[in-house]
Structures are given as structure tokens and as C-alpha cells.
Amino acid sequence: MSTDLRCAVLDDYQGVALGLADWSRVRATSFREHFTSADDLVAAIQDYEIVVAMRERTPFPAEVFDRLPHLRLLVTTGMSNAAIDLEAARAHGVTVSGTGGGWTSTVELTWALILGLARHLVPEATALRGGGPWQHTLGTDLHGRTLGLLGLGRIGSQVAAVGRAFGMDVLAWSQNLTRERAEAAGARLAPSLDALLADSDVVSVHLVLGDRTRGLVGARELAAMKPTAYLVNTSRAAIVDQSALASALREGRIAGAGLDVFDEEPLPAGHDFRTLPNVLATPHLGYVTERNYATFFRDAVDDIGAFLDGNPIRTLT
């Protein structure tokens, strides 16, 4: 049975959300454009009772809840969202629910970035299409090189498995990682962050952003890396000092970076990470796959139905 409640689906960049699930119980509207300010967001959705937010693309701080008196249900894709003030949601009587989702897609994108950097796929493919030089770079062999992983959880462990399949030596480090846990994942525990950075040919970030990891890799840490090494980040931008990274790349102090996450998204036009020749950047595609999106939006519809029936599910508040 349908209702007259209105549902806003935010940041549907590809315009696919309404075709991946049955939204018939609500009047759903998809917003493809990203609202860059709280004023623009509130102006667009102030009359909606239900909002579906895509990951952490749009923040919901207390001031936004203050200005959305009709909001009753906020669904976030995934089961956590640091951009939502859950205490403010509770205070305003807003139920927050989450959805399922996969993580293997991020493993796959991590390796797409690593391989793209190592074999210079973008400049070589661009030259081929544009009539440029035939074979103008030398690729980097991964076999026998060292893969350094910052974080060895679900994603890091699978990245490690692929690294071993390529014949790489896998090092891992995080604040709480033990030798036993590292060895169980087929990695060696690095004695310190500095040691991992100094010894690795590819450094890949797979940590959760928090007080201990924000800015973990700064100018000093980047200086510890080999000038031939690559840094890959498909986790959270703020774990790596973005200004220090841009400087290291401009000055050629590391060979390059593969980046899928940024302090500001969408990345502003003219940003260094859009133009530096030793950066392979993708627009936060780690979770952007057909399977993940189908799970996100079908679960979001289930959340909405359960809420309308008086039995909210997968609640975060």
C-alpha cells in the first residue's frame, strides 16, 4: 500500500536508484546533483519526510536536523555514516536506519589503481588513442616487490591475498595489529609505521578514520617512503595529509599515487589531484558497483517499509 509520504534519494549521481528497487510505497524523488551547502540541501528537501543518503556524500549535522522539521526517517547506505550526527537525529525524533553492502569491490578497485600505476595504463592508453608514441614508459614489476598495508582488516586482508598471488612480499602495520594476526593473513608485521613506509614499494591504506588515524601519514612519513614507491588510498582521504601528499607528488619525492578518496567530494575543478601527471585518481568508485547499489537501494526500500509498518529495522539511533 502506498502512502503520501515523500522520499528524497540524495546524490544519485548516475540516476539509477529508482530503477534498482520498488519505491511504490512512497513518492520518491532522485536528486542527481550534489548539494554543496546546507542551505541548498534544506531548500531542496525541507518538505520530505524520508531521506535516503548515499554513504557520507551529504553531511547531516545538528543544524540541518534543526531545519528539517518534517523529517521522520533517514536511511544511510551501509551500517555506519560519520557524516550523520546521530545524537541530533535522536533529539529531533528522527529514526536512522542503515543497509547492507559489500566490500570486495574496494579490494578490486585498489588493485585496479595499483596495476594502473605500475604499468602506466592511462598515459599509454591515451597515447595509443591519440596517435602518440608507441610504448613510451617502462612498467614496474610487482613480483618480488614489497606491498605495505596500513590496516589488515577485511579489505586489507584480501588486498594482501592478491599481493601474494602476484608474488609480492606483504608487510602490514596498524596500532593494534599483532604478529599472529598478520601471519594468519599471510603478511609480516612491520615493527613500526616508519619501517613499513621505508621498506614498501607500494603502500596501500586500509584503516578506519578516527582520532588516531587522522593525519597519520604526513610530510614526515611521506619523506620516509622510497622515491620509487606508490601510495594508494581507497579508505579515507584524511588519513593522509592531502597538502603534504600533493607537495610530495609535485616534487617527485614519491613515484605516484592512486587515489579514490578526497577531502572534498566532488573534487573541485583544477585541484592538483585532477592534474598531476603522477596521480591516478578515480571519483570515489570503491563501492560503486551494480551489486552494491542494488543491495543499498533494495535494503533502503525494506527500511522504509518496516518504518511505515511501525517496526524499524537496521536502526542506528
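Residues numbered from 1 in each chain as written. Predicted model: local features only at pLDDT ≥ 70, side-chain atom pairs only at ≥ 80, totals over all residues. Heavy atoms only, no water.

Residues Glu 265 and Pro 266 are joined by a peptide bond in cis, for which omega reads -5°. Turning to its location among the elements, Pro 266 is positioned in the loop between strand E11 (256-259) and helix H11 (272-275). One non-glycine residue, Asp 11, lies in the positive phi region at around 55°. Of note, Asp 11 is situated in the loop between strand E1 (6-9) and strand E2 (27-30). With a phi angle near 50°, Arg 55 is a residue other than glycine that sits in the positive phi range. Within the secondary structure, Arg 55 is located in the loop between strand E3 (50-53) and helix H2 (62-66). (Helix = DSSP H or I, 4+ residues; strand = E, 2+ residues; numbered from the N terminus.)

Let's shift gears to the UniProt feature "domain: D-isomer specific 2-hydroxyacid dehydrogenase NAD-binding" (unreviewed entry) in the chain. Mapped onto the present numbering, the UniProt feature "domain: D-isomer specific 2-hydroxyacid dehydrogenase NAD-binding" (unreviewed entry) falls at residues 112-286. Secondary structure across residues 112-286 divides into 34% helix and 15% strand, with the first and last C-alpha atoms of the span separated by 10 Å. (UniProt positions renumbered as here; feature names shortened; annotations may be inferred.)

What the five strands build is an open sheet, ordered E2-E1-E3-E4-E5; its pairing is parallel. If you trace the sheet from one side to the other, it starts and ends with E2 and strand E5 (95-97), each paired once. Strand-to-strand twist of the sheet, defined as the mean angle between neighbouring strand axes without regard to direction, takes the value 20°. Sheet analysis places E1 next to E2, joined by four bridges and oriented parallel. (Pairing = 2+ DSSP bridges. Axes fitted to C-alpha atoms, helices over the stretch in contact; angles between N-to-C directions.)

Right, let's talk about the layout of surface pockets for a bit. The volume enclosed by the second largest pocket comes to roughly 300 Å³. The wall of the second largest pocket is formed by 15 residues, among which Pro 266, Leu 267, Thr 282, Pro 283 and His 284 lie closest to the centre. Considered class by class, the residues forming the lining of the second largest pocket number nine nonpolar, three polar and three charged. (1 Å grid on protein atoms, 1.4 Å probe; cavity = no way out; pocket = protein on both sides within 12 Å on 5 of 7 lines; lining within 4 Å. Points joined across faces, edges and corners; volume = space filled by probe spheres on them. Nonpolar A, V, L, I, M, F, W, Y, C, P; charged D, E, K, R; others polar.)

Both faces of strand E9 (residues 202-205) are covered, namely the face carrying Val 202 and Ser 204 and the face carrying Val 203 and Val 205. Bridge analysis of strand E6 (residues 146-150) against E9 gives four bridges, and the strand direction is parallel. Across the sheet, residue Leu 147 finds its bridge partner in E9, namely Val 202. The pairing of E9 with strand E10 (residues 230-233) spans four bridges and is parallel. In the sheet register, Val 203 faces E10, and the bridge partner there is Leu 231. (Buried < 20%, exposed > 50% of the residue type's maximum accessible area, 1.4 Å probe, protein only.)

Applying the stated criterion across every chain yields a total of 12 salt bridges. Residues Arg 90 and Glu 87 are paired through a salt bridge, measuring 2.6 Å at the closest nitrogen-oxygen approach. Of this pair, Arg 90 and Glu 87 both sit in helix H3 (residues 86-91), three residues apart, roughly one helical turn. Members of the salt-bridge network, linked through shared partners, are Asp 194, Arg 220 and Glu 221. (Salt bridge = Lys/Arg side-chain N within 4 Å of Asp/Glu carboxyl O.)

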